[in-house]
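# A structural walkthrough
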Amino acid sequence: MALISLSGIDKYYGTYHALRDISLEIEGGEFFSLLGPSGCGKTTLLRTIAGFETPDKGVLTIDGRDMARVSANRRPTNMVFQSYAIFPHLTVAQNVGFGLRRSDLTKAEKAREVGAALEMVGLGGYGARAAHALSGGQRQRVALARALILKPKVLLLDEPLSALDKKMREQMQSELRQLQRQVGITFVLVTHDQEEALIMSDRIAVMFEGEIAQLATPQDLYLRPNSRRVGEFIGMMNLIPGRMDRDGSQMIGDIPGLGRLPIVPDLLTDGQGPGDCTFGIRPESMSLVFNGELPTGKFVDGTVVERAYYGDMTYYEVLLDGGTAPVTCSMKNLVSRPVLDAGARTRLAWEPGALIVFDAA
Amino acid sequence: MRGGGLRIYAVIYLVFLYLPILLLPVFAFNSSTIIAFPLASFTTEWFAELPRVPALRDALWVSLKIAVLTALVSTLLGVCAARAAARYRFAFKGTIMGLIMLPLVLPEIIVAVSLLVVFLQIGLPLGSLTVVLGHVLICTPFCVAILNGAFQSLDISLEEAAIDLGETGWSTFRLIILPLVMPGIISSLLIAFTISMDEFIIAFFLSGSEATLPVYLWGQLRFPQRLPVVMALGTLLVLASVVLLTIAEVARRRGVARRGQQDNGGFL
Ligand SMILES: Nc1ncnc2c1ncn2[C@@H]1O[C@H](COP(=O)(O)OP(=O)(O)OP(=O)(O)O)[C@@H](O)[C@H]1O
Ligand SMILES: [Mg+2]
């Protein structure tokens, strides 16, 4: 039985339909992410689980209990707010221990719990500090410790890392993931950063305009997006209009520039048949064939239109002979590989199984 | 120098505004009963006389009573209004807030006369209570303006965080909101207290036989030989007002600093 179960959740703000028929289940101990662009309703969904928003329709249960009549302060959830919501007039220890106010622990036991929680987030010895004088990363940790001290069944996190700089964010991503494994609490994370979601989550629900577009593991989401929109939102994807034809039992893709190639049956969803369609292919599924490297699979010739050098990778835009628009392809930079400049002639190879078929635009 | 004209204007304005007030202590310490230059000799006789006047003691007591009550009631009303304005959406919010602030710009004499008519009509005897009612009316806008700043700058997620951690609405108010707006409340109490202490017109119309300090002062002006005592009392009143308002502003600024926020003004 799932720990959190939502079925048919609808939420309106006035006439604005913020959540549309959301149904999903989150398992105990899972690291679950809600991913989507700004304004798609991620926060609204998270706040609905926390009890700060009341859905207009649908049922929410946590641990088998219907939450309809359970107010936010009685739910087995705790939240890390986007602004962290650190109480500025209290010390770090008072902030972290706030949730223990109503428990029957003795003073000494409470102090021990607070110490342990601070230790857990790497802030041991910071207890006496004034909370308003902390850095962004430290506030984030205090908010985390404060929310975890009650040992909730579910920890809800609303873009907890978005206020941190890149280095700090990357460090916190792995720390959060580790922490989640260590405490075994179900984490529900809201983020608009697809990379963050891929790195941290067991499963991801991609949301657009109040609806769940796809719910899958990071790998599935990346390799088999169920729509162009999801494909484009997660990572980079080339979208090339083309045709699909039946050849006996095999489906063949006819792609301008790339030619005719077979489509792996796994990648076709029900109802996709011959006709116009859009092909999706990830930049890393294509590669330039450098002198001396043997092409695997098929290849075609083209010209480099533009390139972007990232240090570890170079992204090339290549116009294939016979193609209409350039395709993007990423190459790992090796010492033995030259970096081509715009105008260079080159040869492009691709993995045969990498084509994803979407409906025509 | 740019803005030179403005600077000169500001200096003249300040001199014009404060010179008469600066004359107050000058004559309060002057031994002659005639209020004119040249000055006679220095004396503290007029200050020493103050505690010996029973009517003045009574007036002081009445004023303090009224000011304390006014400060408490108008701050309480201010807290409710500011909280409602910051957190809730309701019909005609703008109009209602505007009406609360209106006494700020109404001529006091109009307010005083209207209140007098109303109180006489409903048969409420004039006295401290009616003055408190009048003072609450004119002090509440100041309190609302001060408290609005304090309440508006509170992040709503602080309240939600407290509720999320198991607190109820009331305990959240007590544990989180109240401490954070406390400097604003202190500032509001002090300013309402000061306004009420110094207010004359409404007190004059509504105090009946219970004269407040300013009303007593006014009464003393009829006796020329009492003028130096009036000056001494006036000096003390001005001094007390300045001290109280300074404390109020310091409290407000410390509140802003403590919450680590941007200072968005206030009254002073
Ligand atoms: N209290 C509210 N009243 C009216 N509309 C609201 C309210 N809260 C959110 N909305 C609207 O609902 C939609 C979803 O909001 P939500 O905050 O859930 O988005 P989000 O996915 O968290 O976006 P972001 O990434 O920007 O935080 C938005 O269009 C927003 O304007
Ligand atoms: Mg949000």
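## Observations concerning the site of ligand 1
All names here are of chain A. The environment of ligand 1 is made up of Y13, Y16, P37, S38, G39, C40, G41, K42, T43, T44 and E159. Taking G39, its main chain carries an N or O atom lying 2.7 Å from an oxygen atom of ligand 1. Alone, ligand 1 offers 630 Å² of accessible surface; in the complex the protein occludes 61% of this. Here the shell around ligand 1 takes three residues from helix α1 (residues 42-50), the largest share from any one element. Partitioned by chemical class, the residues of the shell around ligand 1 number four nonpolar, five polar and two charged.

## Some points on the interface of chain A and chain B
Taken together, the contacts link 21 residues of chain A with 20 residues of chain B. Among the residues of chain A in contact with chain B, N73, H89 and F98 of chain A are the three that bury the most area, contributing 30% of the side total. In this structure, the connection of chain A to chain B is made through three salt bridges. The shortest N-O distance in the salt bridge between E167 of chain B and R101 of chain A comes to 2.9 Å. With three residues, strand β6 (residues 77-80) of chain A is the single largest residue contributor to the side of chain A that touches chain B. Of the residues contributing to the side of chain A that touches chain B, the split by class is 10 nonpolar, seven polar and four charged.

## Brief notes about the nonpolar core
With 94 residues, the main nonpolar core has I4, L34, F87 and V188 of chain A as its most contacted residues. Top contributing element to this core by residue count: helix α8 (residues 169-198) of chain B, with 12 residues. Once residues within four sequence positions are removed from consideration, I4 of chain A is found in contact with L24, E25, I26, I49, L60, T61, I62, V154 and V188 of chain A. One finds V80, V142, A145 and A147 of chain A within the second-largest nonpolar core, a separate group that totals 32 residues.

## What to know about the pairing of strand β17 (residues 313-320) of chain A
Residues and elements named next belong to chain A. Judged by which residues are buried, β17 turns out to be one-sided: T314, Y316, V318 and L320 face inward and are buried, whereas M313, Y315, E317 and L319, on the alternate face, are not. Two strands pair when backbone bridges link them, and strand β16 (residues 299-309) and β17 are joined in this way by seven bridges, in the antiparallel orientation. Residue pairing in the sheet places R307 in a bridge with Y316 of β17. Where β16 hands over to β17, the hairpin turn is made up of three residues, of which G311 adopts a positive phi near 95 degrees. Alignment of β17 against strand β18 (residues 327-332), held across six bridges, turns out to be antiparallel. In the sheet register, M313 faces β18, and the bridge partner there is K332. Two successive antiparallel strands, β17 and β18, enclose a turn made up of six residues, where G322 displays a positive phi of approximately 90 degrees.

## Notes on the packing of helix α6 (residues 128-152) of chain B against α8 of chain B
Two quantities define a packed helix pair, namely the angle between the axes and the distance from one axis to the other. Residues and elements named next belong to chain B. Relative orientation of the contacting elements α6 and α8 amounts to 145 degrees, with a least axis distance of 9 Å. Relative to α8, the crossing made by α6 is right-handed. Of the residues in α8, those touching α6 at H135, I138, C139, F142, C143, I146, L147, A150 and F151 are F173, I177, V181, G184, I185, S187, S188, I191, A192, I195 and S196. Residue classes in the contact of α6 with α8 are distributed as 15 nonpolar, five polar and no charged.

## Topic: the pattern of salt bridges
Residue and element names in this part refer to chain A. Scanning all chains against the criterion turns up 24 salt bridges over all chains. Residues K153 and D63 are paired through a salt bridge, measuring 3.3 Å at the closest nitrogen-oxygen approach. With a gap of 90 residues between them, K153 in the loop between α4 (136-148) and β7 (154-158) and D63 in the loop between β4 (57-62) and β5 (65-66) connect regions that are remote in the sequence. Taking the relative accessible area as the measure of exposure, K153 reaches 39% and is therefore partly exposed. Since its relative accessible area comes to 43%, D63 is described here as partly exposed.

## Topic: the environment of A40 of chain B
Residue and element names in this part refer to chain B. The topology assignment puts A40 in the loop between α1 (4-28) and α2 (45-49). Assessed through its relative accessible area of 44%, A40 is described here as partly exposed. Sequence separation between A40 and A251 is 211 residues; the distance between their C-alpha atoms is 41 Å. When neighbours within four sequence positions are excluded, A40 is seen to be in contact with N30, S31 and S32.

## Here we look at the domain arrangement of chain A
All names here are of chain A. Each assigned domain of chain A is listed here: domain 1 (4-230) and domain 2 (236-359). Placing a centre on the C-alpha atoms of domain 1 and another on those of domain 2 gives a separation of 39 Å. Counting residues at the interface gives eight residues for domain 1 and nine residues for domain 2. Each partner contributes to the roughly 710 Å² buried at the junction of domain 1 and domain 2, and carbon and sulfur atoms together form 56% of this total. Together, Y222, P225 and R228 form the three largest contributors to the area buried by domain 1 at its contact with domain 2, with a combined 72%. Summed over the shared surface of domain 1 and domain 2, the result is zero salt bridges.

## Considerations on the packing of aromatic side chains
Considering all chains together, one arrives at 13 aromatic pairs over all chains under this definition. Between F31 of chain A and F187 of chain A, the aromatic rings sit 5.5 Å apart at their centres with planes inclined by 45 degrees, giving tilted as the arrangement. Here F31 of chain A is found in strand β3 (residues 31-35), whereas its partner F187 of chain A is found in strand β8 (residues 186-191), with 156 residues between them in sequence. Comparing F31 of chain A with F187 of chain A, the two get one shared label, buried. With a centroid separation of 5.3 Å and an interplanar angle of 10 degrees, the aromatic rings of F29 of chain B and F42 of chain B are classed as stacked. One end of the pair, F29 of chain B, is in the loop between α1 and α2; the other, F42 of chain B, is in the loop between α1 and α2, with 13 residues separating them in the sequence. Owing to a relative accessible area of 28%, F29 of chain B belongs among the partly exposed residues under this scheme. Judged by relative accessible area, F42 of chain B falls into the exposed class, the value being 64%. Clustering of aromatic rings is evident, with ring pairs tying together F200, F204, F205 and W218 of chain B. Of note, R229 of chain A hangs over the ring of F208 of chain A, and the distance from its end group to the ring centre comes to 4.1 Å.

Rules of the game
- Residues numbered from 1 in each chain as written.
- Chains lettered and ligands numbered in written order.
- Predicted model: local features only at pLDDT ≥ 70, side-chain atom pairs only at ≥ 80, totals over all residues.
- Heavy atoms only, no water.
- Near = heavy atom within 4 Å.
- Polar contact = N/O pair within 3.5 Å; in protein donor to acceptor, adjacent residues only side chain to side chain.
- Areas by Shrake-Rupley, 256 points an atom, 1.4 Å probe, with all protein chains shown as cover.
- Helix = DSSP H or I, 4+ residues; strand = E, 2+ residues; numbered from the N terminus.
- Nonpolar A, V, L, I, M, F, W, Y, C, P; charged D, E, K, R; others polar.
- Contact = heavy atoms within 4.5 Å.
- Buried area = accessible area lost by both parts, 1.4 Å probe.
- Salt bridge = Lys/Arg side-chain N within 4 Å of Asp/Glu carboxyl O.
- Core = buried A, V, L, I, M, F, W, Y, C linked by side-chain atoms within 4.5 Å.
- Buried < 20%, exposed > 50% of the residue type's maximum accessible area, 1.4 Å probe, protein only.
- Pairing = 2+ DSSP bridges.
- Axes fitted to C-alpha atoms, helices over the stretch in contact; angles between N-to-C directions.
- Left-handed = near helix turned anticlockwise from the far one by under 90°.
- Domains from an automatic or database assignment.
- Phe/Tyr/Trp six-rings, centres within 6.5 Å; stacked < 30°, edge-to-face > 60°.
- Lys NZ or Arg CZ within 6 Å of the ring centre and 35° of its normal.

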